[in-house]
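# Close look at the chain arrangement
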Amino acid sequence: QVQLVESGGGLVQAGGSLRLSCAASGRTFSSYVVGWFRRAPGKEREFVGAIKWSGGWTYYADSVKGRFTISRDNAKNTVYLQMNSLKPEDTAVYYCAVHPYSGQLLSLPSDYDYWGQGTQVTVSS
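This write-up is about the structure you can find in this document.

The next thing to look at is the pairing of strand β4 (residues 32-39). Within β4, 7 of the 8 residues are buried, which leaves the element mostly enclosed by the surrounding structure. Sheet analysis places β4 next to strand β9 (residues 92-100), joined by 8 bridges and oriented antiparallel. Looking at β9, one finds that Trp-36 is bridged to Cys-96. Across 6 bridges, the pairing between β4 and strand β5 (residues 46-52) is antiparallel. Looking across to β5, one finds that Arg-38 is bridged to Glu-46.

This is the structure:
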């Protein structure tokens with residue numbers, strides 16, 4: 001069974017940085033895509049970015065491009081979301097999720113098969 005566990009959330013001031021981790025277990029993820037999503041209070045779940053595990057190709061939402069970076073550590077089976085220049089509007093619960101790679105890095109929540117429990121990120125102004 002696939003398990004995804006996020007960690008690294010917390011409270012940070014605007015302009016600060018945080019690094020979230022998504023530890024994956026249960027299968028080999030070399031043919032999978034790991035995506036990051038977030039849900040702010042009262043809003044729909046929003047795509048943040050994704051990485052193809054094998055090859056490291058990445059894709060970001062315009063709202064975070066240039067500020068957020070996704071990377072992975074194959075030895076630790078972990079994907080990271082480095083968030084810099086954080087803004088109050090980045091406040092949300094952040095989730096990682098996976099889907100099998102089929103030629104594209106997908107951005108809809110419904111495309112992803114397994115999800116973590118989420119980690120809270122709060123950016124104060």
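The next thing to look at is the sheet that holds strand β8 (residues 78-83). Pairing is antiparallel across the open sheet formed by 4 strands, whose spatial order is β1-β3-β8-β7. Here the strands that pair on one side only, and so sit at the sheet edges, are β1 (3-7) and β7 (68-73). Neighbour-to-neighbour, the strand axes of this sheet turn through a mean angle of 20°, independent of strand direction.

As a further point, take the nonpolar core. The biggest cluster of nonpolar side chains holds 38 residues, and the ones touching the most others in it are Trp-36, Phe-68, Val-79, Leu-81, Met-83, Tyr-94 and Tyr-112. Where this core is concerned, the elements lending two or more residues are β3 (18-25), β4, β5, β7, β8, β9 and β11 (119-124).

Attention shifts here to the side chain of Thr-119. Note that Thr-119 resides in strand β11. A distance of 3.2 Å separates the side chain of Thr-119 from the backbone nitrogen of Gly-9, its partner in a polar contact.

Pairs may arise between side chains of opposite charge once their charged atoms sit close together. With the rule as written, the count across this model stands at 4 salt bridges. Put simply, Glu-46 and Arg-38 hold a salt bridge, and the shortest N to O gap is 2.8 Å. Between Asp-62 and Lys-65 there is a salt bridge, and its shortest N-O distance comes to 3.1 Å. Via salt bridges that share partners, Arg-38, Glu-46, Arg-67 and Asp-90 belong to a single interconnected network.

Parameters and conventions
- Residues numbered from 1 in each chain as written.
- Predicted model: local features only at pLDDT ≥ 70, side-chain atom pairs only at ≥ 80, totals over all residues.
- Heavy atoms only, no water.
- Buried < 20%, exposed > 50% of the residue type's maximum accessible area, 1.4 Å probe, protein only.
- Helix = DSSP H or I, 4+ residues; strand = E, 2+ residues; numbered from the N terminus.
- Pairing = 2+ DSSP bridges.
- Axes fitted to C-alpha atoms, helices over the stretch in contact; angles between N-to-C directions.
- Core = buried A, V, L, I, M, F, W, Y, C linked by side-chain atoms within 4.5 Å.
- Polar contact = N/O pair within 3.5 Å; in protein donor to acceptor, adjacent residues only side chain to side chain.
- Salt bridge = Lys/Arg side-chain N within 4 Å of Asp/Glu carboxyl O.

Don't take any of this as a statement about function, it's just geometry.
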